[in-house]
Amino acid sequence: MKQEVIAGFLEAMPLPSVLVDQTERFIGANKEGRALLGEQILGRHFATILRQPSMTGAIEKTLADRSSRSARHLSNDGAQDTTYEVSLRYISGIGAVEGGAVLITFSDVTEREQASQMRRDFVANVSHELRTPLTALMGFIETLRGAARDDPNARDRFLTIMEGEASRMNRLVGDLLSLNRVESKERIRPKEELDLGAHLASVLKTVQPLAETAGTSLVFQPPEAPVEIIGDPDQLLQVFINLVENAIKYGGDRVEVTLELLERDISLRAPAVKVQVIDNGPGIDPIHLPRLTERFYRADSHRSREQGGTGLGLAIVKHIVNRHRGKLRVKSDLGQGSCFSVTLPLSQ
Ligand code: ADP
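Please read these numbers as outputs of a predicted model, since none were measured by experiment.

## Section: the pairing of strand E2 (residues 26–29)
Stage number 1. The pairing of strand E1 (residues 17–21) with E2 spans 3 bridges and is classified as antiparallel. Across the sheet, Leu19 pairs through a bridge with Gly28, a residue of E2.
Stage number 2. What sits between the antiparallel neighbours E1 and E2 is a turn of 4 residues, in which Glu24 has the positive phi angle 70°.

Below, the structure written as structure tokens:
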């Protein structure tokens, strides 16, 4: 086959593709292949470019036995790792000596691998979070059957603890289902028109009893005129209840909620409304901020568990804010309190 025809075929391949013939040198590469392995690879020995043993071994074997196989190639551009699934197929009748070359195509599977790793981590986390209260429950059941069987005081105390553990499991399952619902709706645009000022006033009413128990004062000045936005009322209720509850749980003795109209938000590039939930608590070490909305990530695990937290609240908040094409921002530092702000596009 003529060199130009081979080059034409390679160029038509949508994936990075290269050819190595029986001289063990690259005899062809498409644009994507050159971008991946280097512009000057033609004529070079494959082992000077593809140094990973799994790759060199696979190419050598395919040149020898001419059968198809696959391998893995890892590349790093200095900033991030990329994983490729590599297919090796032998093509007879091309190339130099004894006619034949290996067509090597690289398919980027990084996202797929990351997604399956995330799924595995998620299942491991959920199992761990459920197992902790479950183990406590089983321990208490055993004690109630044995040592504490005829001790009414111990029985009462243990049953109270068991109730607490069972409600922890219940909250976790509730939050998991909620996350699932929120994720499945993420691509559906909300369509209801609502008055955000009135909505926030009802959020503050809902959390008032919790604030009173915690000795926290809630401050909110509802705007005089309605602030109309398009949203999902139940989901937005969930967002602000979560943020205000967190501020009560982790903050100090004062939580302020503010609502501000922005003529043009920089990142949304549109008129927007910004709601801030500000507390005067111990704040969050900035090293935690980028990961705060990850599922099960806690800045202070001990305090979160003590407060009955599931570690899913901010993950749910982030998904809902994304669905509303909004932005969630967190500003905090140790000793400086925290400010969680949600910016939502205004309906026009
Ligand atoms: P949790 O169920 O643990 O409250 P969230 O996802 O709601 O989970 O929050 C994640 C973590 O962020 C919390 O465990 C806590 O460490 C931290 N956090 C959230 N809000 C605040 C706040 N207002 N002040 C300090 N830390 C906070």
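Resuming the write-up.
## Things to note about the sheet that holds strand E3 (residues 69–76)
Stage number 1. Read across the open sheet, the 5 strands follow the order E2-E1-E5-E4-E3; overall the sheet is antiparallel. Sheet topology places E2 and E3 at the edges, where each strand pairs with a single neighbour. For this sheet the average axis-to-axis angle between neighbouring strands, irrespective of direction, equals 25°.
Stage number 2. Across 9 bridges, strand E4 (residues 81–92) lies against strand E5 (residues 100–108) in antiparallel orientation. Within E5, the residue paired with Leu88 across the bridge is Ile104.

## Here we look at the site of the ligand
Stage number 1. With respect to spatial proximity, 20 residues lie near the ligand, and among them Tyr250, Ser304, Thr310, Gly311 and Leu314 are the closest.
Stage number 2. Thr310 places a main-chain nitrogen or oxygen 2.8 Å from an oxygen atom of the ligand.
Stage number 3. Within the backbone of Gly311, one N or O atom sits 2.8 Å away from an oxygen atom of the ligand.
Stage number 4. Relative to its unbound accessible surface of 530 Å², the ligand loses 97% to contact with the protein.
Stage number 5. Using a 2 Å cut-off from the grid points, one finds that the ligand occupies the largest pocket.
Stage number 6. The set of elements that each furnish at least two residues to the shell around the ligand consists of helix H8 (233–250), helix H10 (313–323) and strand E12 (338–345).

## As for empty space enclosed by the protein
Over the atoms rolls a probe the size of a water molecule, and in doing so it shows where empty space is left.
Stage number 1. Counted according to the given criterion, the structure contains 1 cavity of 30 Å³ or more.
Stage number 2. Its volume calculated, the largest cavity comes out at about 50 Å³.
Stage number 3. Residue lining of the largest cavity: Glu129, Arg168, Leu172, Arg298, Gly308, Gly309 and Thr310, and that is the complete set.
Stage number 4. Residues that form the lining of the largest cavity fall into these classes: 1 nonpolar, 3 polar and 3 charged.

## Focus on the sheet that holds E12
Strand pairing within a sheet occurs via backbone hydrogen bonds; the two strands may be parallel or antiparallel.
Stage number 1. Taken in spatial order, the 5 strands make up an open sheet running E7-E9-E10-E12-E11, and their pairing is mixed. Edge strands, defined here as strands with exactly one partner in the open sheet, are strand E7 (217–220) and strand E11 (327–332). Pairs of neighbouring strands in the sheet enclose a mean axial angle of 20°, with direction left out of account.
Stage number 2. Bridge count for strand E9 (residues 254–265) against strand E10 (residues 270–279) is 9 bridges, and the pairing is antiparallel.

## Some details on the domain arrangement of the protein chain
Stage number 1. Looking at the assigned domains, one finds that the protein chain contains domain 1 (3–108), domain 2 (110–185) and domain 3 (189–348).
Stage number 2. Once you take the C-alpha centre of each, domain 2 and domain 3 turn out to be 26 Å apart.
Stage number 3. Each partner contributes to the interface: domain 2 provides 14 residues, whereas domain 3 provides 15 residues.
Stage number 4. Across the interface of domain 2 and domain 3, roughly 1,400 Å² is buried in total on both sides, 58% from carbon and sulfur atoms.
Stage number 5. Of all residues in domain 2, Leu179, Val182 and Lys185 give up the largest surface area on contact with domain 3, accounting jointly for 34% of the area buried on that side.
Stage number 6. Joining domain 2 to domain 3, the criterion identifies 4 salt bridges.

Calculation rules
- Residues numbered from 1 in each chain as written.
- Predicted model: local features only at pLDDT ≥ 70, side-chain atom pairs only at ≥ 80, totals over all residues.
- Heavy atoms only, no water.
- Pairing = 2+ DSSP bridges.
- Helix = DSSP H or I, 4+ residues; strand = E, 2+ residues; numbered from the N terminus.
- Axes fitted to C-alpha atoms, helices over the stretch in contact; angles between N-to-C directions.
- Near = heavy atom within 4 Å.
- Polar contact = N/O pair within 3.5 Å; in protein donor to acceptor, adjacent residues only side chain to side chain.
- Areas by Shrake-Rupley, 256 points an atom, 1.4 Å probe, with all protein chains shown as cover.
- 1 Å grid on protein atoms, 1.4 Å probe; cavity = no way out; pocket = protein on both sides within 12 Å on 5 of 7 lines; lining within 4 Å.
- Sits in = over half its atoms within 2 Å of the grid points.
- Points joined across faces, edges and corners; volume = space filled by probe spheres on them.
- Nonpolar A, V, L, I, M, F, W, Y, C, P; charged D, E, K, R; others polar.
- Domains from an automatic or database assignment.
- Contact = heavy atoms within 4.5 Å.
- Buried area = accessible area lost by both parts, 1.4 Å probe.
- Salt bridge = Lys/Arg side-chain N within 4 Å of Asp/Glu carboxyl O.

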